Amino acid sequence: MLGIHDLYVGVHVAALVVMFITLLYVLSAPVSRAQLAVVFFIMSGIFYIFGFTCEITTYSLGGVLTAAKMQYMGLLLVLIGMLFSIQELLHLKIPKWIYAVQFTMTAIVMWGIFTWQDNHLVYRKVYMNHSGPFLRMDIEEYGPLFYIYVLYGALSCALCVYCGIKGGTRNNPYQRKRLNYFFGVIIFCWIPFIIKITGITGQYEIPAIGVAGACVCMGMAFVKYSFLDSVSVSMINAMNAGNGGVVVLDSAGRVLYHNETSHEIIGDFQDHDRLEKIPLLEKRVNASDGTMSIGDRVYEFRKEDILEKNIRIGKIIWIIDMTDHYKYLDMVEHTAITDALTGINNRGCFEQKVKEALADHMSGSFFMVDLDNFKQVNDSYGHQCGDDVLIALASVLKANGKNSWAGRIGGDEFCMFCPGVTLYDEAVNRGQKLIDGYKDAIKDKPFADMTSMSVGVVIVRRETYQDRDVTYDEVYKAVDSELYKAKNNGKGTLSISEL
């Protein structure tokens, strides 16, 4: 039949089993920073209960003293793990100096435990109690460092409660449910001390109940509501490999996670900062999805709600660098409307612009330009020189076509429409500038005396539209006729008429 001692040991062994199962349960969840914090808490609890189990199963003075040191270390780490866990579970920003204080206190207390026989800072008088079913260490008188340690533990728990309330009251329902589990952690942690004070169990302490219960509560708080933690971290890991920025916000508008690229785009900020501290990001969050120019780059901002069971628990801001994309679109658009050789409008683009102008009853002059003896240049000097001639012609059209549209119709045939040019002399003057400009552009070329430019011009006035529409085909046919006249007049000349 099992005795009291066997039952007592069995309870603590069972507690270790429960905590190990909880640890595996937590490790089975997707990886996140909250998981790291909870694992640290549970491992600290396991270390403490293992130390206590060693104490109640050893029969040597040295074994008991070693087990006591393990228990102190475990409890000190539990306090650190508790604050770390609530920081990650409720997405709070805990100042680093608080953790520095915790680690400093841990080092001081452990130093006091290891040296108590020399300085009596933790214990003043200790004796071994052989009256019970197992050897145990009883303290007759405590030293000052022990009371500092108890005060430190109480303040640490109070700080965790404060942080929990602060975080839980401004978060979504899932965070508040986490908070309920966290309060269970606090209660379980103090149950063994309350039981010891009441004397209900006599000389027996039962830390297994408190620590195991606290670990189970902490594990449940993480696993049941870890959706936002795991999604955020998985997404950040993926986005860190790309060139886009990503920021994860909670429902209260605080930054939970972000990748380094978002710093380069938006500027310096940290996790747990509120949107008010990041004006550029706040502007985009409160606006509809769209693009924004930052420096010499163009970024697209997209927002996406994070939902769990139809409850919005956060928001993802995607920041995508669209600069190269828009440059490519501009290039495609430019290619679609531009003649590849000369860089001016191609036939389709030019015709579309003139058709729209005529449909709006726009007045102006339509020029048709053709090179004389172009075939001879190609045959005598090669197609490269022929291309140089066409490029020279296009440059003349660009230089003399201010506020006008020029286009390559095909081969060596080019057209230009000059809105508002309706005076005869002005149209003639423009045509002559084209002829002279072309001569000047090729004057140093070996084929300068071989080729020239002929120009046909048709003027379209507002009166032309009276009681009828003017079509592109009509104007094109008329100007083609004028160009034919110019060539018959000796080439290198101009012919003009009114429609």
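## Re the overall build of the protein
Alright, step 1. Within the protein one finds 17 helices and 12 strands.
Alright, step 2. Its C-alpha radius of gyration of 43 Å places the protein more than 25% over the 23 Å reference for a compact globule of 499 residues.
Alright, step 3. Taking contacts inside the protein between residues at least 6 apart in sequence as the whole, the part at least 24 apart equals 65%.
Alright, step 4. One finds the centroid of the 45 positive side-chain charges in the protein at a distance of 6 Å from the centroid of its 52 negative side-chain charges.

## Focus on unusual backbone geometry
Alright, step 1. The phi torsion at His120 lies on the positive side, around 55°, for a residue other than glycine.
Alright, step 2. One can find His120 in the loop between helix H5 (116–119) and strand E1 (123–129).
Alright, step 3. Phi at Asp467 takes a positive value of approximately 60°, unusual for a residue other than glycine.

## Here we look at the sheet that holds strand E12 (residues 494–498)
Alright, step 1. Taken together, the 5 strands give an open sheet; going across it, the order is E9-E10-E8-E11-E12, and neighbouring strands pair in mixed fashion. The strands lining the two open edges of the sheet, one partner per strand, are strand E9 (405–410) and E12. In this sheet, adjacent strand axes meet at a mean angle of 20° when their direction is disregarded.
Alright, step 2. Across 9 bridges, the pairing between strand E8 (residues 364–372) and strand E11 (residues 452–460) is antiparallel. Within E11, the position partnered with Val369 by the bridge is Val455.
Alright, step 3. In this fold helix H13 (residues 347–359) packs onto E8, E9 and strand E10 (413–419), with an angle of close to 130° to the strand it touches most, E9.
Alright, step 4. Set on the sheet, helix H16 (residues 424–441) makes contact with E8, E10, E11 and E12; between it and E11 the angle comes to about 160°.

## Examining helix H14 (residues 374–381)
Alright, step 1. Residues of H14 that are buried include every one of Phe374, Val377 and Asn378, and no others. Each buried residue of H14 lies within a common arc of 95° when the element is viewed along its axis, so the set occupies one face. H14 presents Lys375 and Asp379 as exposed residues on the side facing more than 90 degrees away from its buried surface.
Alright, step 2. If you follow the buried residues of H14, they end up packed against E8 and helix H15 (383–400).
Alright, step 3. Gly382 occupies a position one or two residues after H14 and carries a positive phi of about 95°.

## Quick look at H15
Alright, step 1. Under the 1.5 Å per step criterion, the end-to-end length of H15 is 26 Å for 18 residues, consistent within 8% with the ideal 26 Å.
Alright, step 2. For H15, the full list of buried residues reads Cys385, Gly386, Val389, Leu390, Ala392, Leu393, Ala394, Val396 and Leu397.
Alright, step 3. Taken together, the buried residues of H15 touch E8, H14, E9, E10, H16 and E11.

## Side note on the packing of aromatic side chains
The geometry of an aromatic ring pair comes down to the distance between the two centres and the angle between the two planes.
Alright, step 1. Considering all chains together, one arrives at 16 aromatic pairs under this definition.
Alright, step 2. Between the aromatic rings of Tyr142 and Tyr147, the centroid separation amounts to 6.1 Å while the plane-to-plane angle is 75°, which identifies the pairing as edge-to-face.
Alright, step 3. Summarising the aromatic geometry, the rings of Tyr472 and Tyr476 are spaced 6.0 Å apart at their centres and angled 25° between planes, so their arrangement reads as stacked. One end of the pair is Tyr472 and the other is Tyr476, both in helix H17 (residues 472–488) and 4 residues apart, which spans about a single turn. Considered together, Tyr472 and Tyr476 belong to a single accessibility category, that of buried residues.

## Topic: the pattern of salt bridges
Alright, step 1. Under the counting rule described, the total for this entry stands at 13 salt bridges.
Alright, step 2. Glu351 is the salt-bridge partner of Arg347, the closest N and O atoms lying 2.8 Å from each other. With a gap of 4 residues between them, Arg347 and Glu351 both fall in helix H13, about one helical turn apart.
Alright, step 3. With relative accessibility at 16%, the residue Glu351 sits in the buried group.

## Brief notes about the confidence of the model for the protein
Alright, step 1. Scored by pLDDT, the protein comes out at a mean of 82, with 90% of its residues at no less than 70.
Alright, step 2. No element of the protein has a lower mean pLDDT than helix H9 (residues 227–239), at 54, and none a higher one than helix H4 (residues 96–114), at 93.

## Here's the deal with the environment of Asp250
Alright, step 1. Tracing the chain through its elements places Asp250 in strand E3 (residues 245–250).
Alright, step 2. Taking C-alpha positions, Asp250 is 9.9 Å from Asp305, a pair spaced 55 residues apart along the chain.

## Overview of a nonpolar patch on the surface
Alright, step 1. A cluster of nonpolar residues, Tyr326, Tyr328, Leu329, Met331 and Val332, forms a patch on the protein surface that exposes about 450 Å² of accessible area.
Alright, step 2. Relative to the assigned elements, Met331 resides in helix H12 (residues 323–337).

Calculation notes
- Residues numbered from 1 in each chain as written.
- Predicted model: local features only at pLDDT ≥ 70, side-chain atom pairs only at ≥ 80, totals over all residues.
- Heavy atoms only, no water.
- Helix = DSSP H or I, 4+ residues; strand = E, 2+ residues; numbered from the N terminus.
- Rg over C-alpha atoms; globule rule 2.2 N^0.38 Å.
- Contact = heavy atoms within 4.5 Å.
- Lys, Arg positive; Asp, Glu negative; His and termini not counted.
- Charge placed at Lys NZ, Arg CZ, Asp CG, Glu CD.
- Pairing = 2+ DSSP bridges.
- Axes fitted to C-alpha atoms, helices over the stretch in contact; angles between N-to-C directions.
- Buried < 20%, exposed > 50% of the residue type's maximum accessible area, 1.4 Å probe, protein only.
- Arc of directions from axis to C-beta.
- Expected span 1.5 Å × (residues − 1).
- Phe/Tyr/Trp six-rings, centres within 6.5 Å; stacked < 30°, edge-to-face > 60°.
- Salt bridge = Lys/Arg side-chain N within 4 Å of Asp/Glu carboxyl O.
- pLDDT = per-residue confidence, 0-100.
- Patch = residues over 30% accessible without salt bridge, like charges linked within 9 Å, V, L, I, M, F, W, Y side chains within 5 Å.
- Areas by Shrake-Rupley, 256 points an atom, 1.4 Å probe, with all protein chains shown as cover.

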